Amino acid sequence: MITSYVRFVSSSQYEKEQKEEEEAERLPNKQDVPADMWEDDKFDFLGNLATYAGVFIAALAIMVGFFASGQYNEGAVPVDFQAADSPAVAVKIAFENQGKGDL
C-alpha cells in the first residue's frame, strides 16, 4: 500500500526553504572544488605572522624612535651666538672650546 505524506508549512517557511534550495544549487559541490594549498597546517605560521605583524611593527617603530632621539644631537657643539659679534666667530669659539680646532 502506498501512503502519501503531506507537510503543511507556513508561506514564510516555504520561501525560506526555497531560498536555501536555490542557494545549494548555485554553489559547486565540495568534491568539484580543488583543494587550496594554503589550507594546510604547515602554513599556520603565516596567519600568526599576519596577526601579530601590526604589534611587531609598532614595537619596532617605538624602539627606532627612541634610538633616533638619543642619537639626534650626539656630537653637536653648543654655540652661544650672543657671545660673539658674528655667527661665524661664535661657531669658531664653540669648536675651540670643545677642542675641535678651527673649521
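These numbers come from a predicted model, not from an experiment.

Any chance you could explain the overall build of the chain here in plain terms?
If you tally the helices and strands in the chain, you get three helices and zero strands. Reading the chain from its N end, one meets helices and strands in the order α-α-α. When each of the 103 residues of the chain is scored for burial, the buried share is 4%. Counting every atom, the chain has about 9,900 Å² of accessible surface; 58% of that belongs to carbon and sulfur.

For this particular structure, what's the right way to read a negative patch on the surface?
A grouping of E20, E21, E22 and E25 is seen on the molecular surface, where their side chains present a negatively charged patch. Of note, E22 is situated in helix α1 (residues 11-26). Residue E22 is classed as partly exposed on the basis of its relative accessible area of 49%.

Can you walk me through a nonpolar patch on the surface in this structure?
Among the surface-exposed residues, M37, W38, F45, L46 and L49 lie close enough to one another that they form a single nonpolar patch of about 560 Å² accessible area. With respect to the element layout, W38 can be found in the loop between α1 and α2 (44-71).

Please clarify how the confidence of the model for the chain should be interpreted in this entry.
Detail in the predicted coordinates should be disregarded across regions flagged by low pLDDT. Scored by pLDDT, the chain has a mean of 80; 82% of the residues are at 70 or more. Of all helices and strands in the chain, the one with the weakest mean pLDDT is α1 (78), whereas α2 scores best (93).

Cut-offs applied
- Residues numbered from 1 in each chain as written.
- Predicted model: local features only at pLDDT ≥ 70, side-chain atom pairs only at ≥ 80, totals over all residues.
- Heavy atoms only, no water.
- Helix = DSSP H or I, 4+ residues; strand = E, 2+ residues; numbered from the N terminus.
- Buried < 20%, exposed > 50% of the residue type's maximum accessible area, 1.4 Å probe, protein only.
- Areas by Shrake-Rupley, 256 points an atom, 1.4 Å probe, with all protein chains shown as cover.
- Patch = residues over 30% accessible without salt bridge, like charges linked within 9 Å, V, L, I, M, F, W, Y side chains within 5 Å.
- Salt bridge = Lys/Arg side-chain N within 4 Å of Asp/Glu carboxyl O.
- Lys, Arg positive; Asp, Glu negative; His and termini not counted.
- Charge placed at Lys NZ, Arg CZ, Asp CG, Glu CD.
- pLDDT = per-residue confidence, 0-100.

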